[in-house]
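Letter by letter, the chains look like this.
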Amino acid sequence: MLNELYSDGILQSSIFRDLEGLFQARNAIVHGFKPTVNVASSAVPFLVQTARILLDESRAAKRTA
């Protein structure tokens, strides 16, 4: 999904890279490995903010359709 959002121009490259890193960390954790990247305490607010932006854009798109 991240790749599709990026290729459609919905995600900026910097946000895409940050989300990719967090996704890799998530995968390592759920499979019992230590993440290769450090997850900063700012990751949760970043994820919440990004989710809200995407949700708002989705709602706006549905209104115009």
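**Section: the confidence of the model for the protein**
- In the predicted model, the protein carries a mean pLDDT of 93, and 98% of its residues have values of at least 70.
- Taking the mean pLDDT of every element in the protein, the minimum, 92, falls on helix 3 (residues 43-64) and the maximum, 96, on helix 2 (residues 13-30).

**Some remarks on the environment of L22**
- Relative to the helices and strands, L22 resides in helix 2.
- Between the alpha carbons of L22 and A40 there is a distance of 9.7 Å; along the sequence they are 18 residues apart.
- Dropping the residues within four chain positions of it, L22 is found in contact with V39, A43, F46 and L47.

**Some words on the packing of aromatic side chains**
- One pass over the full model with this rule turns up 1 aromatic pair.
- Geometrically, the ring pair formed by Y6 and F16 is stacked, given 4.6 Å between the ring centres and 20 degrees between the ring planes. Here the residue Y6 occupies a position in helix 1 (residues 2-7), and F16 occupies one in helix 2, the gap between them amounting to 10 residues.
- Exposure remark for Y6: the relative accessible area of 37% places this residue in the partly exposed category.
- Residue F16 is classed as buried on the basis of its relative accessible area, which comes to 14%.

Reading the values: the criteria
Residues numbered from 1 in each chain as written. Predicted model: local features only at pLDDT ≥ 70, side-chain atom pairs only at ≥ 80, totals over all residues. Heavy atoms only, no water. pLDDT = per-residue confidence, 0-100. Helix = DSSP H or I, 4+ residues; strand = E, 2+ residues; numbered from the N terminus. Contact = heavy atoms within 4.5 Å. Phe/Tyr/Trp six-rings, centres within 6.5 Å; stacked < 30°, edge-to-face > 60°. Buried < 20%, exposed > 50% of the residue type's maximum accessible area, 1.4 Å probe, protein only.

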